[in-house]
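Given next are the chains, with one letter for each unit.
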Amino acid sequence: MAVATARRPGWLTFAAVVLFSVAALRVISGIAYLADSTKVAQLSGGLFGDSLFWWGLWDLGIAAAALYAGYSLLEGGAYGRIVAYIWAGLVIVQSFLILSFAPWFGAAAIALALLVIYALAVTDDWETAG
């Protein structure tokens, strides 16, 4: 007689994959910043000025948080849900700010963030059968 196990919802896996993708891209950009790459855009008006070292650490920190949040989502933890909701909210705000400069990118980012919010909302009752 087989024991029934609760399967992780596909939407939750989707949200975790998005967080893993964010982590991978932030690791790449963090390494580029730490390497003081000449391919990096001019950032002197940004939060950390023109210090690419701090931008690199910032991106690596975001990558670590996204990686852990994606893992937490797959395990049914609350940390991943909280980080994913915050991430999606920040992406939506940022995307509205860049719509006039990059309309297709902004609209696609808003759609992706809304899908992540939807994924988290429809799977709010899922927990691992420990």
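Located above this text is the structure these notes cover.
Here's what I pulled together on the structure shown here. Not measured: the values here are computed from a predicted model.

### Looking at the side chain of R81
Within the secondary structure, R81 sits in helix 3 (residues 78-98). Although R81 is buried, it makes no salt bridge; D124 carries the closest opposite charge, 6.3 Å away. In this structure the side chain of R81 is engaged in a polar contact, spanning 2.9 Å, whose partner is the backbone oxygen of L120. Excluding residues that lie within four positions of it along the chain, R81 makes contacts with L12, L73, L120, T123, D124 and W126.

### Things to note about the environment of W58
Relative to the assigned elements, W58 resides in helix 2 (residues 52-75). Taking the relative accessible area as the measure of exposure, W58 reaches 42% and is therefore partly exposed. Taking the C-alpha atoms as reference points, W58 and Y33, 25 residues apart in sequence, are found 9.8 Å from one another.

### Notes on the pattern of salt bridges
For the coordinates displayed, the defined rule picks out one salt bridge. Note that D59 is salt-bridged to R26, the shortest N-O span being 2.6 Å. Pair noted here: D59 is in helix 2 and R26 is in helix 1 (residues 10-34), with a separation of 33 residues, a long-range link. Here D59 falls in the buried class, since its relative accessible area comes to 4%.

### Re the packing of aromatic side chains
Across all of its chains, the model carries three aromatic pairs by this definition. Seen in terms of ring centroids, W11 and Y118 are 5.0 Å apart; in terms of plane orientation they differ by 80 degrees. Their pairing is edge-to-face. Placement of W11 in helix 1 and of Y118 in helix 4 (residues 103-122) is noted, with a sequence separation of 107 residues between them. For W11, a relative accessible area of 35% gives the class partly exposed. Under the relative-accessibility criterion, Y118 is labelled partly exposed at 43%.

### Re helix 2
For an α-helix the count is 3.6 residues per turn, leaving residues at separations of three or four pointing the same way. The terminal C-alpha atoms of helix 2 lie 34 Å apart, and with 24 residues this matches the ideal 34 Å at 1.5 Å per residue to within 8%. Of the positions making up helix 2, those classed as buried are L52, W55, G56, D59, A63, A66, A69, G70, S72 and L73. Looking at the buried side of helix 2, the elements it contacts are helix 1, helix 3 and helix 4. Within two residues after helix 2, G76 carries a phi angle of roughly 85 degrees, on the positive side.

Definitions and limits used
Residues numbered from 1 in each chain as written. Predicted model: local features only at pLDDT ≥ 70, side-chain atom pairs only at ≥ 80, totals over all residues. Heavy atoms only, no water. Helix = DSSP H or I, 4+ residues; strand = E, 2+ residues; numbered from the N terminus. Buried < 20%, exposed > 50% of the residue type's maximum accessible area, 1.4 Å probe, protein only. Lys, Arg positive; Asp, Glu negative; His and termini not counted. Salt bridge = Lys/Arg side-chain N within 4 Å of Asp/Glu carboxyl O. Polar contact = N/O pair within 3.5 Å; in protein donor to acceptor, adjacent residues only side chain to side chain. Contact = heavy atoms within 4.5 Å. Phe/Tyr/Trp six-rings, centres within 6.5 Å; stacked < 30°, edge-to-face > 60°. Expected span 1.5 Å × (residues − 1).

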